[in-house]
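Chain residues, written in single-letter form:
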Amino acid sequence: MGRRGKKKGRPVSGWLVLDKPWDFGSTEAVSKIKWLFKAEKAGHAGTLDPLASGMLPIALGDATKTVPYVMDGRKIYEFTVAWGEERNTDDLEGKVTASSDARPDKAAIEAILPAYTGVIEQVPPAFSAVKIAGERAYDMARDGEVVEIPAREVEIHRITLLGCPDADHAVFEVECGKGTYVRALARDFGRQLGCCGHISALRRTMVAPFSEDVMVPLADLVALEEIEDDAERLAQLDAYLVPAGEALGMLPRIDVSEDQAHRIRMGNPIILRGRDAPVATDDACAFVRGQLLSIGEVAGGEFRPRRVFKA
């Protein structure tokens, strides 16, 4: 008797821009969305800590091929720093490792912000996913090991002090590049101001190219579980999906004919003609009938497909 094959999900494709709730892990969120949509595969762009809320873009099906481009996008966070304690995780979850009675005023806080703008050197938190000799830093830290992570360059495009609701807290907004740890900013602010600090609230409001207005609360999706008819429920869920091509607005776009699309689907290059043809580039995207067909390179007057989508 032959083995029964593992049941596959639907070949649904697109981005679900989830408004992840607080105290819900990114991996848990991806699993939940994959199950709700009955999708074949799913992946996410940019992990959010369980204690953080906000934008978690989740790719379904063919859209997972565009994850690396969204991972590289700018991100905006709103976060609150609690002064007076430094913690081993640099957020509310950790143990207190240092404390201070000092509290900074608004002028002192604003005075240090220019030093954190532009390309800066940042030491990631000990409790982070950074790999050290093949091991995750957070695994080593949980085992009680002293974790020493070398500083790395990150880019802060802007950082703004939004307000100081009381002497113990300050609220900021930061727009930053890939690899930036907001928890490390809170730690470093506290050290420079001589008052200790950690993150007490964190929310991500943007992961380029997606904006806050396309976020979908998890509760809205879960509420659709009450619809008994599978087709109706899945149709309503699918209405929340953003087409995969919208994740690639930063790339040169080439619109192709059906004949050219056939060649691309076969893995063959196409010749580019006309004054609007993009110049040589490592990454460009081809569309047919307004749908994403392929990501590839432009070289020698040709578009050479590297990844092909079901368009």
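Residues numbered from 1 in each chain as written. Predicted model: local features only at pLDDT ≥ 70, side-chain atom pairs only at ≥ 80, totals over all residues. Heavy atoms only, no water.

Enquirer: Account for helix H5 (residues 182–193), with residues named and values stated.
Expert: For H5, which comprises twelve residues, the first-to-last C-alpha distance of 17 Å matches the rise-based estimate of 16 Å (1.5 Å per residue) to within 8%. H5 sits mainly inside the fold: ten of its twelve residues count as buried. Within H5 the residues assigned to the buried category are Val 182, Arg 183, Ala 184, Leu 185, Ala 186, Arg 187, Asp 188, Phe 189, Gly 190 and Leu 193. In the segment just after H5, Gly 194 is the residue with positive phi, at about 70°. (Helix = DSSP H or I, 4+ residues; strand = E, 2+ residues; numbered from the N terminus. Expected span 1.5 Å × (residues − 1). Buried < 20%, exposed > 50% of the residue type's maximum accessible area, 1.4 Å probe, protein only.)

Enquirer: Residue-level account of the side chain of Arg 204, with values.
Expert: Turning to its location among the elements, Arg 204 is positioned in strand S12 (residues 197–207). Reaching out from Arg 204, the side chain makes a polar contact with the backbone oxygen of Gly 46 at a distance of 2.7 Å. A polar contact is formed between the side chain of Arg 204 and the side chain of Tyr 77, at a distance of 3.2 Å. (Polar contact = N/O pair within 3.5 Å; in protein donor to acceptor, adjacent residues only side chain to side chain.)

Enquirer: Please set out the layout of surface pockets residue by residue, giving values where relevant.
Expert: Here the second largest pocket is characterised by a volume of approximately 380 Å³. Lining the second largest pocket are 17 residues; nearest its centre among them are Ser 13, Ala 244, Gln 291, Leu 292 and Lys 310. Class assignment of the residues belonging to the lining of the second largest pocket gives a composition of seven nonpolar, six polar and four charged. (1 Å grid on protein atoms, 1.4 Å probe; cavity = no way out; pocket = protein on both sides within 12 Å on 5 of 7 lines; lining within 4 Å. Points joined across faces, edges and corners; volume = space filled by probe spheres on them. Nonpolar A, V, L, I, M, F, W, Y, C, P; charged D, E, K, R; others polar.)

Enquirer: Could you give an account of the environment of Arg 103, with specific residues and numbers?
Expert: Note that Arg 103 resides in the loop between strand S6 (96–99) and helix H3 (106–112). Residues Arg 103 and His 169 lie 66 residues apart in sequence; the distance between their C-alpha atoms is 9.1 Å. Residues within four places of Arg 103 in sequence aside, it is in contact with Trp 83, Gly 84, Ala 167, Asp 168 and Cys 195. Polar contacts involving the side chain of Arg 103 include one to the main-chain carbonyl oxygen of Ser 100, which spans 2.9 Å. Reaching out from Arg 103, the side chain makes a polar contact with the side chain of Asp 168 at a distance of 2.7 Å. (Contact = heavy atoms within 4.5 Å.)

Enquirer: Explain unusual backbone geometry to me, using residue names and the numbers behind them.
Expert: Residues Ala 208 and Pro 209 are joined by a peptide bond in cis, for which omega reads 10°. Along the chain, Pro 209 turns up in the loop between S12 and strand S13 (216–217). Despite not being glycine, Cys 196 has its phi angle at roughly 65°, a positive value. In this structure, Cys 196 sits in the loop between H5 and S12.

Interpretation in functional terms is not warranted from these geometric data alone.
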